[in-house]
Every structure is written in structure tokens, then in C-alpha cells.
Amino acid sequence: MSRSFIDVSGLPTYAFGSRVTPWWGTFSFCLLEGTGFALGIGGYLYLAVTNTHWAKDAVPLNLVWSTAFTLVLVASAIPNFLIKRTALQENLRLVRLLLLAMSSVGLVLIILRIMEFSALPVRWSDNAYGSFIWLLLGLHGVHVLTDVADTLVLTVLMFTRHGMGKRFSDAEDNAFYWYFVVLSWLPLYAVLYWLPRL
């Protein structure tokens, strides 16, 4: 009885986008966390309609730090797009430079978020309004923090002997998740900072 074998040694060991499992994991995580943000906004709006003290409690928040945060976050989509494109091209030098830029942007965003928290006129324990403000800002802040940490680790890896092959796929996946971080902030910014002003 003879056996035939297929030689798969020439197949690539990594791929990009939806052809790899981590992309689907990231996509599922975005759906899950997006649902969490939607539920948080829903709870905020529900209390805004049903709580008789809401109009008195909902002090408009300072726009300085939140607007600076929003502008830097939206602008970060440009180097993020370039990371994704250069990762697909497997251009190590440019991926390294862009990851350094994104790491710096991420650290700036963390500082801006800390300043944003320090300028809040309400504590999380003051009332339901304060609790939702701190919950939603904190939830998004954790997303920023974890993705910046991931970007920093990936940046370090790209400057080692591991900066090849699958790491380009990781850079593309990291860029994909950063888009979620940017897009999930925009409705939060509108609801938390502009809705009480209407």
C-alpha cells in the first residue's frame, strides 16, 4: 500500500486580514466591546430621560482636554493607516518609524486622558451622572491604555530579531484595533461633552 504526501513546506506561515485567526478574535472583541459602549451610552441616556435630578446634576464638562484628546486621536488615524499599509508591504524600516510615532501619540493620549479626568467637575460617587461619566471615560481610557501597551510591546519586538514575518501581521492587526479605539470615542465625546449643552 503506497501513501502519498503533499509537501506544504513552501506555504507561508502567516497572512494578513481575515485570513488569520487573530483578526477574527480582534473583530469579535470589537463587536463585544462596542456593545458594551452602546449599553453604557444607553444607560446614560435612559437616566437623562427618567431621572428628575439629571438636568441639575449634568454639569457641562470642560471641553479643553477632551477636545485636545479628540483631535489627537482622530489625527492618529493617519499614521495608523500608514502602519497598516507598510505592514502589508513588509517594509520594516517604515513600520518601525511609524510604530515609534504611534507609541508617542499613544503616550500623549494617556496624558491628555489623565488631564481630562483631573478637570471633571463631578466625582464618580456624587450622583448617577458622575458615575456614568467616570464609567464611560474610564472604559474608553482602558482601551486606549491597553492598545498603547500593545503598540509599545510590538514596537520593541520590531527592533529585535523577531521583527519579521508574523510581526507584520501583528502590526496590521494592531492598526485594525486602533480604528475601533478611535471610532468608539466619537459617539462618547458627542454624548458626554455636547449633549448636556443642548
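Refer to the preceding data block for the structure.
Residues numbered from 1 in each chain as written. Predicted model: local features only at pLDDT ≥ 70, side-chain atom pairs only at ≥ 80, totals over all residues. Heavy atoms only, no water.

This paragraph deals with the packing of helix H3 (residues 63-75) against helix H4 (residues 77-89). Taken N-terminus to C-terminus, the directions of H3 and H4 make an angle of 25°; their axes are 4 Å apart at the nearest point. By the angle between their directions, the pair H3 and H4 is classed as roughly parallel. On H4, the residues touching Leu73, Val74 and Ala75 of H3 are Ala77, Ile78 and Pro79. Split into classes, the residues belonging to the contact of H3 with H4 amount to 6 nonpolar, no polar and no charged. (Axes fitted to C-alpha atoms, helices over the stretch in contact; angles between N-to-C directions. Helix = DSSP H or I, 4+ residues; strand = E, 2+ residues; numbered from the N terminus. Parallel < 35°, antiparallel > 145°, perpendicular 65-115°, else oblique. Contact = heavy atoms within 4.5 Å. Nonpolar A, V, L, I, M, F, W, Y, C, P; charged D, E, K, R; others polar.)

Going through the model one piece at a time under the given rule, you end up with 3 salt bridges. Notably, a salt bridge pairs Glu116 with Arg113, separated by 2.7 Å at the nearest N-O pair. With Glu116 and Arg113 both in helix H5 (residues 92-118), this residue pair falls 3 residues apart, about one helical turn. Residue Glu116 shares its accessibility class with Arg113, and that shared class is buried. Between Asp170 and Arg167 there is a salt bridge, with its nearest N and O atoms 2.5 Å apart. You can see Asp170 and its partner Arg167 sitting in helix H7 (residues 166-194), 3 residues apart, about one turn around the helix. (Salt bridge = Lys/Arg side-chain N within 4 Å of Asp/Glu carboxyl O. Buried < 20%, exposed > 50% of the residue type's maximum accessible area, 1.4 Å probe, protein only.)

Moving on, we come to the nonpolar core. Of all hydrophobic cores here, the largest spans 46 residues; its most connected members are Tyr44, Trp178 and Tyr193. Residue assignment for this core shows that the elements contributing at least two residues are helix H1 (21-50), H3, H4, H5, helix H6 (128-158) and H7. Counting residues per element, this core draws most heavily on H7, which supplies 14 residues. The residues contacting Tyr193, other than those within four sequence positions of it, are Leu61, Asn62, Leu63, Ser66, Glu116, Leu120, Leu137, Trp185 and Leu188. (Core = buried A, V, L, I, M, F, W, Y, C linked by side-chain atoms within 4.5 Å.)

Below, the discussion takes up the side chain of Thr70. Following the sequence through the fold, Thr70 ends up in helix H3. What makes Thr70 buried here is its relative accessible area of 8%. One polar contact links Thr70 to Trp185, side chain to side chain, over a distance of 2.7 Å. Not counting chain neighbours up to four residues away, the residues in contact with Thr70 comprise Trp185, Leu186 and Tyr189. (Polar contact = N/O pair within 3.5 Å; in protein donor to acceptor, adjacent residues only side chain to side chain.)

Moving on to a nonpolar patch on the surface. Together, Trp24, Phe27 and Leu31 make up a nonpolar patch on the protein surface, roughly 300 Å² of accessible area in all. If you trace the backbone, Trp24 turns up in helix H1. (Patch = residues over 30% accessible without salt bridge, like charges linked within 9 Å, V, L, I, M, F, W, Y side chains within 5 Å. Areas by Shrake-Rupley, 256 points an atom, 1.4 Å probe, with all protein chains shown as cover.)

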